Amino acid sequence: MSDYEPLIIAYTCYWCSYTAADLAGTSRIQYPPNVRIIRVQCSGMVHPNLVIDALTKGADGVLMCGCHPGDCHYREGNLRAQARADALDLMLEDFDLEPERFRLSWVAASEGPQFAQVVKDMVEELREIGPSIYK
Amino acid sequence: MAVKVAQEWFAICGGCEVTILDVGEPLIDLLAELEFVHMPVIMDHKLYGQTGEESKADIPEADVGILTGSIRNEENKELAELMRSRVNFLISMGSCACYGGVPALANQFAVDEIYQRVYQGNSTTDPGETPAEGLPALLDRVYAVHEVVDVDLMLPGCPTTPDMFVAAVMHLLKGTPFALETKSVCDQCPTIREQKTGEGITLKRPLESVEGVGEALETVRCFMEQGYLCQGPATRAGCGGMDGGTPRCIRAYMPCRGCFGPLTDQANPMVDMMGAISTIGLNPRDIPDRAAQFNRFAGSGRLRTKRR
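Predicted model only: the values in this text are computed from it and were never measured.

### Comments concerning the overall build of chain B
Next, step 1: Secondary structure assignment for chain B yields ten helices and seven strands.
Next, step 2: Computed over its C-alpha atoms, the radius of gyration of chain B comes to 21 Å, within 12% of the 19 Å expected for a compact globule of 308 residues.
Next, step 3: Summarising its shape, the C-alpha atoms of chain B cover approximately 70 × 55 × 30 Å along the three principal directions.
Next, step 4: Sorting the 308 residues of chain B into buried and exposed places 41% on the buried side.
Next, step 5: Taking all contacts inside chain B whose residues are at least 6 apart in sequence as the whole, residues at least 24 apart take part in 80%.

### Thoughts on the interface of chain B and chain A
Next, step 1: Contacts between the two partners involve 14 residues from chain B and, on the opposite side, 13 residues from chain A.
Next, step 2: Elements with a minimum of two residues in the side of chain B that touches chain A: helix H9 (269–279) and helix H10 (290–294) of chain B.
Next, step 3: Looking at the side of chain B that touches chain A residue by residue, the class counts come to five nonpolar, four polar and five charged.

### Comments concerning the nonpolar core
Next, step 1: Core analysis: the largest hydrophobic core is formed by 114 residues, its most contacted members being Val62, Leu63 and Met64 of chain A together with Leu67 of chain B.
Next, step 2: Among the elements that make up this core, the one with the highest residue count is helix H4 (residues 112–129) of chain A (seven residues).
Next, step 3: Residue assignment places this core across two domains, with domain 1 (3–174) and domain 2 (181–296) of chain B each supplying three or more.

### What about the sheet that holds strand S3 (residues 61–66) of chain A?
Whenever strands of a sheet pair, they do so through backbone hydrogen bonds, lying parallel or antiparallel.
Residues and elements named next belong to chain A.
Next, step 1: Read from one edge of the open sheet, four strands run S2-S1-S3-S4, paired in parallel fashion. Two strands in the sheet have a free side with no partner beyond their single neighbour: strand S2 (35–40) and strand S4 (102–106). Geometrically, the sheet is characterised by an average inter-axis angle of 20° between neighbouring strands, direction not taken into account.
Next, step 2: The pairing of strand S1 (residues 8–13) with S2 spans six bridges and is parallel. Bridge assignment links Ile8 to a residue of S2, and that residue is Val35.

### So, H4 of chain A
All names here are of chain A.
Next, step 1: The end-to-end C-alpha distance of H4, which contains 18 residues, comes to 26 Å, matching closely the 26 Å that a straight helix rising 1.5 Å per residue would cover.
Next, step 2: The complete set of buried residues in H4 reads Gly112, Phe115, Ala116, Val118, Val119, Met122, Val123 and Leu126. Axial view of H4: buried residues confined to an arc of 155°, hence all on one face. Opposite its buried face, H4 presents the exposed residues Asp121, Glu124 and Glu128, each directed more than 90 degrees away.
Next, step 3: Residues of H4 that are buried make contact with S1, helix H1 (17–26), S2, S3 and S4.
Next, step 4: The first or second residue beyond H4 is Gly130, which carries a positive phi of 85°.

### Details of the confidence of the model for chain B
Next, step 1: Across chain B, the average pLDDT comes to 91, with 98% of residues at 70 or higher.
Next, step 2: Interface confidence for the predicted complex, given as ipTM, is 0.90, next to a pTM of 0.89.

### Description of the pairing of S3 of chain A
Note on strand geometry: in a regular strand, side chains alternate between the two faces of the sheet.
Residue and element names in this part refer to chain A.
Next, step 1: In terms of burial, S3 is a largely internal element, six of the six residues being buried.
Next, step 2: The two faces of S3 match: Gly61, Leu63 and Cys65 on one face and Val62, Met64 and Gly66 on the other face are all buried.
Next, step 3: In this structure, S1 lies alongside S3, joined through five bridges in parallel fashion. Each residue of the ladder has a partner; that of Ala10, found in S3, is Leu63.

### Observations regarding the environment of Arg84 of chain A
Next, step 1: Tracing the chain through its elements places Arg84 of chain A in helix H3 (residues 77–94).
Next, step 2: The class of Arg84 of chain A is buried, set by 24 C-beta atoms lying within 10 Å.
Next, step 3: In this structure, the C-alpha to C-alpha distance between Arg84 of chain A and Val46 of chain A, residues 38 residues apart in sequence, is 8.5 Å.
Next, step 4: Not counting the four nearest positions on each side in its chain, Arg84 of chain A is found in contact with Pro48 of chain A together with Gly275, Ser278 and Thr279 of chain B.

### Some points on the domain arrangement of chain B
Residues and elements named next belong to chain B.
Next, step 1: Segmenting chain B into domains produces domain 1 (3–174) and domain 2 (181–296).
Next, step 2: Across the boundary between the two partners, domain 1 contributes 13 residues, which contact ten residues of domain 2.
Next, step 3: Elements that contribute at least two residues to the side of domain 1 that touches domain 2 include exactly helix H4 (95–99) and helix H6 (162–174).
Next, step 4: Here the residues of the side of domain 1 that touches domain 2 sort into eight nonpolar, four polar and one charged.

### Some words on the sheet that holds strand S7 (residues 153–155) of chain B
Residue and element names in this part refer to chain B.
Next, step 1: On the basis of which strands lie adjacent, the open sheet formed by five strands has the order S2-S1-S3-S5-S7 and parallel pairing. Each edge of the open sheet is held by one strand with a lone partner, namely strand S2 (34–38) and S7. Put simply, the sheet's adjacent strands are angled 30° from each other on average, direction ignored.
Next, step 2: With four bridges joining them, strand S1 (residues 3–9) and S2 adopt parallel strand pairing. Looking across to S2, one finds that Val3 is bridged to Leu34.

### A short note on the environment of Arg251 of chain B
Residue and element names in this part refer to chain B.
Next, step 1: Relative to the helices and strands, Arg251 resides in helix H8 (residues 248–251).
Next, step 2: For Arg251, a count of 14 C-beta atoms within 10 Å gives the class partly exposed.
Next, step 3: Distance from Arg251 to Met83, taken between C-alpha atoms, is 37 Å for residues 168 residues apart in sequence.

### With respect to the packing of helix H2 (residues 48–56) of chain A against H9 of chain B
Next, step 1: Between H2 of chain A and H9 of chain B, the least distance of the axes is 9 Å, while the angle of their chain directions is 145°. Facing Pro48, Asn49 and Ile52 of chain A of H2 of chain A, the residues of H9 of chain B in contact are Val271, Asp272, Met274 and Gly275 of chain B.
Next, step 2: Along the lines of polarity and charge, the residues of the contact of H2 of chain A with H9 of chain B split into four nonpolar, two polar and one charged.

Parameters at a glance
- Residues numbered from 1 in each chain as written.
- Chains lettered and ligands numbered in written order.
- Predicted model: local features only at pLDDT ≥ 70, side-chain atom pairs only at ≥ 80, totals over all residues.
- Helix = DSSP H or I, 4+ residues; strand = E, 2+ residues; numbered from the N terminus.
- Rg over C-alpha atoms; globule rule 2.2 N^0.38 Å.
- Buried ≥ 20, exposed ≤ 12 C-beta atoms within 10 Å, placed from the backbone.
- Contact = placed C-beta atoms within 7 Å.
- Nonpolar A, V, L, I, M, F, W, Y, C, P; charged D, E, K, R; others polar.
- Core = buried A, V, L, I, M, F, W, Y, C linked by C-beta atoms within 7 Å.
- Domains from an automatic or database assignment.
- Pairing = 2+ DSSP bridges.
- Axes fitted to C-alpha atoms, helices over the stretch in contact; angles between N-to-C directions.
- Expected span 1.5 Å × (residues − 1).
- Arc of directions from axis to C-beta.
- pLDDT = per-residue confidence, 0-100.

Okay, here's the thing in structure tokens:
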């Protein structure tokens, strides 16, 4: 267990959250290297399949980040992401996965420190609950 | 020379055998080219010899084997392996054989829970002992045929359609190409999709009839947008016939139930459908028993034993 490092797949939207992650980097903010960031055009394009596939094929957690409600570049993409996240919260149970393994966070383009904090929090939580049963 | 066909059935209702009989007139031409050497549903050919004189079960050698039904117990498994060793080309026919089908709904429960429920915990019968003698034991879960033996061709559907059966047989006889449809039921559905998000739609029960019954389907609104759980987006097309006709249930003004199974072997209809309904504005919490609802015909390998 001691060498267990949680692996997080993060879907971040091009307009806000990816920029925030970029800002965290250029501002030299330290955060755990456990996250693998995948840039998507909008959080609303992350189908539940992508999340479930990641979780059942080796990821310990999935983080989905988008613009704050009302700020979506495509007006309502993040609201769609929210609706899908509700469905995902329900489905985690059907796959015997803990609710902590999936998280939806709103991170605006200027919120570099907040992005680093979300990743820190999630890594800590995943360290506590241990590796996924699909590993 | 006639092509020899052997057929065996496992956990199934018998509907797929009826499909073979339902072929109609083309069957007369087909029968001249086919010779059924083993088929419990229509002929009296016994596994242990006609008088039970053999000590080992056997199926005559054949060119084509057809297996219907899912693999539920030790006997099914043994016969599937025996069939595989006796035939050159094996077809799994029907959604039970391809994806577990309705019997695989039992995969939500452990085997001892099932025994307990059926023989002791049932409120309408007297509790009794679980019979053990002379019966094959249940496997740990229900399996699709391809999870136990190699399968050369899968013909899904509950039941599969007669013209798909004929097309598959003709493909074997003539060597013409045969492939399952790769589109979804929605791709062949003529109803109108007005907008992606339905404002203020609520979930309706399948017992309530859809708006526009009896009218031309081209003028009826998408059943999903009306609030019915139509499984078209996550279901393989093909039930309307080999020429891409209107899907069977849609033709009868009923929402799709997903009997042709998922679009790919990797897909999970529950995840697809939960994504689809939350996207169009239905509340995913309103879905009763989502895992079984959306994996009704594809439970093998997808439905997991519930934690209690």
